[in-house]
Amino acid sequence: MSPVHSITGRLTAMFALAALLVLSLLGYALDRELATVLERQQVEQLDTKFQDIDYVLQRLRGPEQWARIHAKLDALTPPNRSTQYWILSDDPRIRYGNALAEIVGIRLGANSVGELRIGGQVEPMLIRSDYLPANERHAALRFIVGVDSGPYARTRRTFRSVMLVSVSGGMLLAALIGYFIAHSGLVPLKRLSQEAYALSPNMLSQRLMTAKLPAELSDLVGSFNGALDRLEVAYQQLESFNADVTHELRTPLTNLIGNTQVALSRERSVPQLVEVLQSNLEDLERLRGIVNDMLFLARANLGERPQQLLFTSLATEVHKTIEFLDFLLEEAQVSVRVQGDARAPIESALFCRAVTNLLHNAIRHSEPGAEIVVELVSRDGQAHVSVSNPGPDIPHEHLGRLFDRFYRVDASRTKSGESHGLGLAIVKAVAAMHAGNVFAASSDGITTVGFSVSTGAHEKQNHNPLIS
Amino acid sequence: MKILVVEDELKIADYLYTGLTEQGYSVDLAHDGLDGQHLALEVDYDVIVLDQMLPGLNGLALLKSLRAVKDTPVIILTARDRIEDRVKGLQAGADDYLVKPFSFIELLARLQALTRRGRKQEANELHVGDLVIDLMARKAFRDGSRIDLTAKEFALLTVLARHQGHILSKTAIAEMVWDVNFDTNANVVEVAIKRLRTKIDGPFKTGLLHTVRGMGYVLEERSAP
């Protein structure tokens, strides 16, 4: 797990960065403040010493006092020479200190502070000087006070290195704490991931536990469990679908194998063999029908779209279909009434196939004398085709599954004559191919089953029929 | 009538050979694309039945090389029935297209349609035994007496009479009579045939409209058994 892709790693790095930023800012501010304070202190120290000497010199009463002043300056100069005094004058009695070239060259205003480097000194001396013109008590003189800034600079350096160590230490500490916070904060996620890892494809009803999870994760787990729910349903549908296909194919295959074996086990007359072949042919045609319908559904499911959409009146197409089913209607003594009309781009053969399946269903479930109503309504960008017939109500739990492949309301009705349970699945596929949907309702003795097709030729073709 | 069948699946090739020979066609077989191409280019056939997936040279490539030279009608057999495949086949110059699993009756009907093209104008009357169909007046008579038929029944009878002696599958009948070219479980054709039979055969001694179980229906005069 590289740090970039590990949440713990990233959080740790971010904690460390944040600590670095905050501590650096703090250190910088403190350093600035310290510098100001130290500078002021230096200047104050310099001023104090300067004023002391100034006071003494101002009150100088005669040349005999110079020796005392020199002694006092000696006493004031600390052994480490961090403070130094110079007096420059033409009068050798007055002179004090090593009059180096650097000192002699100094020209400073009375109240300003200058810097001076003597010899190889790293840190400069802060200096102040004053000029006293000649008077009756002494010749003209200039006195200079210098304070070594070395100790202050050293203080700052020490402060800076302490600061640097503190900042790095603080950063490391923050990273460490951050790591533990992130680590412990992510424990629920880790647990969740282990739980998800343990999900087994054989236990479809397994779900992730939401009870002990923090709020942020329970949403995720909720959506995840929702996806698992849908997968379970889809998986079960697929399973039962496979079982259904196998079942549907098993009957004709059993017939074929058995019939043929029985026929071949003994000498048969030609008419007997013809009989066997004819019976086989019927089963084979049935197999062919199932295979073709399954292929059709598979192609529709893979997203195949009609190639020759024609914008046309749906009522005309419905009437064409009714004409085709005319003999069946007469035989069943059922009539059909078409209400309304809608126009939509459709592929006629597909549309008529769907309507044929719906009407055929309605005819088979109608009593003689009944009237089937086909209603065509256009709304919300969809043309709706609904086929209603009077008949016993279909229980609610069956309605949603009417369009599933091989789904039969009456589970016992597996003895399949002409229908193999794909009729309404094909209606659904046709609807999907036309960017439409299917619907079913049943109440008060009227059962309505229908589908819709999009009335816009090129819009919303990107839906996924597997999820619809 | 000479037919070339190019099909690598031996069982299919065998039954096509037998079936078509029995129908009076003279049949040549090729089991791969290259043999097929050689025969198709060398010999003049009335129609070629061509499998799309072939070893050596695939059906579409064979068809293209054939079309560069001649216009022999071609029916393509294929196990792939996506619409694009169909379009590709027709664009390559195929005259018709049959998807496996197809029925032999269906293939026969398509072959007849292809080879019949450009035949002489149809007569105004069709005769099947003592049944007379007047296409102009849209009336049918049997043994001299008028048979009362609805428009659809008349259309059905005409289709059967035009193909008399040939078995017509339910699919073919639905397509020719109702222009319905999709599979359906609705037993419309059965019901229609039943009603037509009641009218044209019911009152008479001999039946003309026969059911061939599992295959379809045929209108013909059969000598009494």
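Residues numbered from 1 in each chain as written. Chains lettered and ligands numbered in written order. Predicted model: local features only at pLDDT ≥ 70, side-chain atom pairs only at ≥ 80, totals over all residues. Heavy atoms only, no water.

The next thing to look at is the overall build of chain A. The number of helices and strands found in chain A is 12 helices and 11 strands. Within chain A, residue pairs in contact and separated by at least 24 positions form 66% of the contacts whose partners lie at least 6 positions apart. Accessible area for chain A stands at about 26600 Å²; split by element, carbon and sulfur atoms hold 59% of it. (Helix = DSSP H or I, 4+ residues; strand = E, 2+ residues; numbered from the N terminus. Contact = heavy atoms within 4.5 Å. Areas by Shrake-Rupley, 256 points an atom, 1.4 Å probe, with all protein chains shown as cover.)

Along the backbone of chain B there are 8 helices and 11 strands. Of all 225 residues assigned to chain B, the portion counted as buried reaches 48%. At a minimum sequence separation of 6, the contacts of chain B that also span at least 24 residues come to 56%. Taken as a whole, chain B presents about 11100 Å² of accessible surface, with 50% of it coming from carbon and sulfur. (Buried < 20%, exposed > 50% of the residue type's maximum accessible area, 1.4 Å probe, protein only.)

The first and last C-alpha atoms of helix α5 (residues 104-116) of chain B sit 18 Å apart over 13 residues, in line with the 18 Å expected at 1.5 Å per residue. Looking at the packing, one finds that the buried side of α5(B) touches β1 (2-6), α1 (10-22), β3 (47-51), β4 (74-78), β5 (96-99) and α7 (170-178) of chain B. (Expected span 1.5 Å × (residues − 1).)

Residues other than glycine predominantly adopt negative phi, and peptide bonds predominantly adopt the trans conformation. All names here are of chain B. The amide bond that connects Lys100 to the next residue, Pro101, takes the cis arrangement and shows omega of 0°. Of note in this structure, Arg138 is not a glycine but carries a positive phi near 55°. Take Arg138: it is sitting in the loop between β7 (131-134) and β8 (139-142).

Let's shift gears to the packing of aromatic side chains. For any two aromatic rings, the description comes down to two numbers: the centre-to-centre distance and the angle of the planes. Residues and elements named next belong to chain A. Under the criterion given, the structure shown has 6 aromatic pairs over all chains. Sitting above the plane of the Phe50 ring, Arg128 keeps its charged end 4.3 Å from the centroid. For the cation-ring pair, Arg353 lies above Phe296, with the distance from its terminal atom to the ring centre recorded as 4.5 Å. (Phe/Tyr/Trp six-rings, centres within 6.5 Å; stacked < 30°, edge-to-face > 60°. Lys NZ or Arg CZ within 6 Å of the ring centre and 35° of its normal.)

It is worth spelling out the interface of chain A and chain B at this point. Contacts between the two partners involve 28 residues from chain A, matched on the other side by 27 residues from chain B. If you sort the residues of chain A by the area they bury against chain B, A:Arg288, A:Phe324 and A:Phe327 come out on top, with a joint share of 27%. Taken together, chain A and chain B are joined by 5 salt bridges. For A:Glu282, the salt bridge identified is with B:Arg213, shortest N-O distance 2.8 Å. For the pair chain A and chain B, the interface holds 6 residue pairs in polar contact (both at pLDDT 80 or more). Among the elements that make up the side of chain A that touches chain B, the one with the highest residue count is helix α7 (residues 270-301) of chain A (10 residues). Looking at the side of chain A that touches chain B, its residues break down into 7 nonpolar, 8 polar and 13 charged. (Buried area = accessible area lost by both parts, 1.4 Å probe. Salt bridge = Lys/Arg side-chain N within 4 Å of Asp/Glu carboxyl O. Polar contact = N/O pair within 3.5 Å; in protein donor to acceptor, adjacent residues only side chain to side chain. Nonpolar A, V, L, I, M, F, W, Y, C, P; charged D, E, K, R; others polar.)

All right, on to a nonpolar patch on the surface then. Residues and elements named next belong to chain A. There is a patch of nonpolar side chains on the surface, built from Phe15, Leu173, Leu176, Ile177, Tyr179, Phe180 and Ile181 and spanning about 680 Å² of accessible area. For the nonpolar patch, the element with the most residues is helix α4 (residues 150-185), which contributes 6 residues. Examined against the element boundaries, Tyr179 turns out to sit in helix α4. (Patch = residues over 30% accessible without salt bridge, like charges linked within 9 Å, V, L, I, M, F, W, Y side chains within 5 Å.)

Residue and element names in this part refer to chain A. For strand β10 (residues 438-443) and strand β11 (residues 446-454), the ladder comprises 6 bridges, and the chain directions are antiparallel. Bridging from a neighbouring strand, Phe439 pairs with Gly450 of β11. Joining the antiparallel neighbours β10 and β11 is a turn of 2 residues, in which Asp444 adopts a positive phi near 50°. (Pairing = 2+ DSSP bridges.)

This part takes up the sheet that holds strand β2 (residues 26-30) of chain B. Residues and elements named next belong to chain B. Reading across the sheet, the 5 strands line up as β2-β1-β3-β4-β5 and stay open at both edges, with parallel pairing between neighbours. The sheet is open, and its two borders are formed by β2 and β5, each paired with just one other strand. Strand-to-strand twist in this sheet, taken as the mean axis angle between neighbours without regard to direction, amounts to 20°. Bridge count for β1 against β3 is 4 bridges, and the pairing is parallel. Of the residues in β3, the one forming a bridge with Val5 is Val49. Strands β1, β2 and β4 of the sheet are contacted by α1, whose axis makes an angle of about 170° with β2. (Axes fitted to C-alpha atoms, helices over the stretch in contact; angles between N-to-C directions.)

Next up on the list: the environment of B:Val212. Residues and elements named next belong to chain B. Structurally, the position occupied by Val212 is in strand β10 (residues 209-212). On the accessibility criterion, Val212 (15% relative accessible area) is buried. In sequence terms Val212 and Ile167 are 45 residues apart; their C-alpha atoms lie 7.5 Å from each other. Residues within four places of Val212 in sequence aside, it is in contact with Ile167 and Val218.

All names here are of chain A. One open sheet accounts for 5 strands, arranged β6-β8-β9-β11-β10; its pairing is mixed. The open sheet terminates on both sides in strands that have one partner only, identified here as β6 (335-339) and β10. Neighbouring strand axes in the sheet, compared pairwise and without regard to direction, differ in orientation by 15° on average. Where helix α10 (residues 348-364) meets the sheet, it contacts β6, β8 (371-379), β9 (382-390) and β11, and its direction lies at approximately 175° from that of β11. Across the sheet, helix α12 (residues 423-433) touches β10 and β11, and the angle it forms with β11 is around 30°.

The subject of this paragraph is the nonpolar core. In this structure, A:Leu314, A:Phe451, B:Leu157, B:Leu160, B:Ile173, B:Trp178 and B:Leu219 are the most contacted members of the largest nonpolar core, which totals 86 residues. No other element matches the 9 residues that α10(A) contributes to this core. Once you skip the residues sitting within four places of it in the chain, B:Trp178 turns out to touch A:Glu323, A:Phe324, A:Phe327, B:Lys152, B:Ile173, B:Val188, B:Val189 and B:Ala192. B:Ala40, B:Leu60, B:Val74 and B:Val99 belong to the second largest nonpolar core, which has 19 residues in total. (Core = buried A, V, L, I, M, F, W, Y, C linked by side-chain atoms within 4.5 Å.)

Glancing now at the environment of A:Thr447. By the secondary structure assignment, A:Thr447 is in strand β11. Taking the C-alpha atoms as reference, A:Thr447 lies 9.9 Å from A:Ser386; in sequence the two are 61 residues apart.

It is worth spelling out the packing of α7(A) against α12(A) at this point. When two helices pack together, you describe them by how their axes are tilted relative to each other and by the distance separating the axes. Residue and element names in this part refer to chain A. α12 packs onto α7 with a crossing angle of 30° between their chain directions and a minimal axis gap of 9 Å. Considering their axes alone, α7 and α12 lie roughly parallel with respect to each other. Crossing handedness for the pair α7 and α12: left-handed. On α12, the residues touching Asp293, Phe296, Leu297 and Ala300 of α7 are Ala425, Ile426, Ala429, Val430 and Met433. Residue composition of the contact of α7 with α12, grouped by class: 8 nonpolar, no polar and 1 charged. (Parallel < 35°, antiparallel > 145°, perpendicular 65-115°, else oblique. Left-handed = near helix turned anticlockwise from the far one by under 90°.)

This brings us to the pattern of salt bridges. Side chains that differ in sign of charge can pair as their charged atoms come close. Applying the stated criterion to the full structure yields 27 salt bridges over all chains. A salt bridge links B:Arg222 to B:Glu220, with the nearest nitrogen and oxygen atoms 3.0 Å apart. Residues participating in the shared-partner salt-bridge network are A:Glu330, B:Glu153, B:Arg195 and B:Lys199.

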